[in-house]
Amino acid sequence: MSHAPTPVKKAFTLIEIAIVVALLGILCAIAIPAANQYMATRAQAVMQDDGTRLGTAAQAYFAETFATEVTLKYNAKTGKISAPEEFQMLNGNRISEGYTIPEELTIKRDSPDSFQLKHPRGGIYTFNDKGFLTKTEENPVEE
């Protein structure tokens, strides 16, 4: 009587596992800084858009009410802007969430440095009352 040969179990060797772990480490070392840079660039673009929308809405508010400033309340968790009824932003009274700005934001008419938007990833952007970017202080990207 002959017996069938016992199948040999194949497994990964320690060297093969070490090579895979090393390759994953290299990929992470490349991907994480690139992802951080992408998120910072995206935050900066969103800040510019939000600043422009705020400035445009402020100009319309000033023209309609003849006011010299408007005070807005900002909810950092939702991005919602509470403002006087005449203050209407394009796409609703909302900007991105996560800014580290005071709850009250005042936009003054004819001011070169009217308001700032600060974001942990994007830095600090200063806008005039028309929503044009006047000064940028970028945060170093955390790696």
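For the structure, see preceding data.
Source: prediction; values computed, not measured.

(A) View of the environment of threonine 126. By secondary structure assignment, the location of threonine 126 is in strand S5 (residues 123-127). For threonine 126, a relative accessible area of 3% puts it in the buried group. Each C-alpha atom of the pair threonine 126 and alanine 83 lies 20 Å from the other, and the pair is 43 residues apart in sequence. Not counting residues within four places of it along the chain, the set of residues in contact with threonine 126 comprises Asp113, Phe115, Gln116, Phe132, Leu133, Thr134 and Lys135. In terms of polar contacts, threonine 126 uses its side chain to reach the side chain of glutamine 116, at 3.1 Å.

(B) A look at the packing of aromatic side chains. Scanning the entire structure with this criterion turns up four aromatic pairs. Taking 5.3 Å as the distance between ring centres and 15° as the angle between the ring planes, the aromatic pair formed by phenylalanine 115 and phenylalanine 127 counts as stacked. Here phenylalanine 127 lies in strand S5 and phenylalanine 115 lies in strand S4 (residues 115-119), a separation of 12 residues in the sequence. Accessibility assignment for this pair places phenylalanine 115 and phenylalanine 127 in one class, buried. Grouped by ring-pair contacts, the aromatic residues Tyr61, Phe62 and Phe87 constitute a single cluster.

(C) Expanded view of the sheet that holds strand S6 (residues 133-137). Spatial ordering of the open sheet is given by S4-S5-S6, a layout of three strands whose pairing is antiparallel. The open sheet has two edge strands with one neighbour each: S4 and S6. Direction aside, the axes of adjacent strands within the sheet are offset by 15° on average. In the sheet, S5 pairs with S6 via four bridges, with the strands oriented antiparallel. Pairing of phenylalanine 127 across the sheet is with leucine 133, part of S6. Contacts between helix H1 (residues 14-65) and the sheet are confined to S4, S5 and S6, with S4 contributing the most and set at about 155° to the helix.

(D) Here's a closer look at unusual backbone geometry. With a phi angle near 60°, phenylalanine 66 is a residue other than glycine that sits in the positive phi range. A positive phi is found at aspartate 110, a non-glycine position, where the angle reads about 55°. Along the chain, aspartate 110 falls in the loop between strand S3 (104-108) and S4. A relative accessible area of 60% places aspartate 110 in the exposed class.

(E) Region of the structure containing the pairing of S5. Among the five residues in S5, four count as buried, and that is most of the element. Pairing analysis gives five bridges linking S4 to S5, with the strands arranged antiparallel. Opposite leucine 117, over in S5, you have tyrosine 125 as the bridge partner. Adjacent in sequence and paired antiparallel, S4 and S5 are bridged by three residues.

Analysis parameters
- Residues numbered from 1 in each chain as written.
- Predicted model: local features only at pLDDT ≥ 70, side-chain atom pairs only at ≥ 80, totals over all residues.
- Heavy atoms only, no water.
- Helix = DSSP H or I, 4+ residues; strand = E, 2+ residues; numbered from the N terminus.
- Buried < 20%, exposed > 50% of the residue type's maximum accessible area, 1.4 Å probe, protein only.
- Contact = heavy atoms within 4.5 Å.
- Polar contact = N/O pair within 3.5 Å; in protein donor to acceptor, adjacent residues only side chain to side chain.
- Phe/Tyr/Trp six-rings, centres within 6.5 Å; stacked < 30°, edge-to-face > 60°.
- Pairing = 2+ DSSP bridges.
- Axes fitted to C-alpha atoms, helices over the stretch in contact; angles between N-to-C directions.

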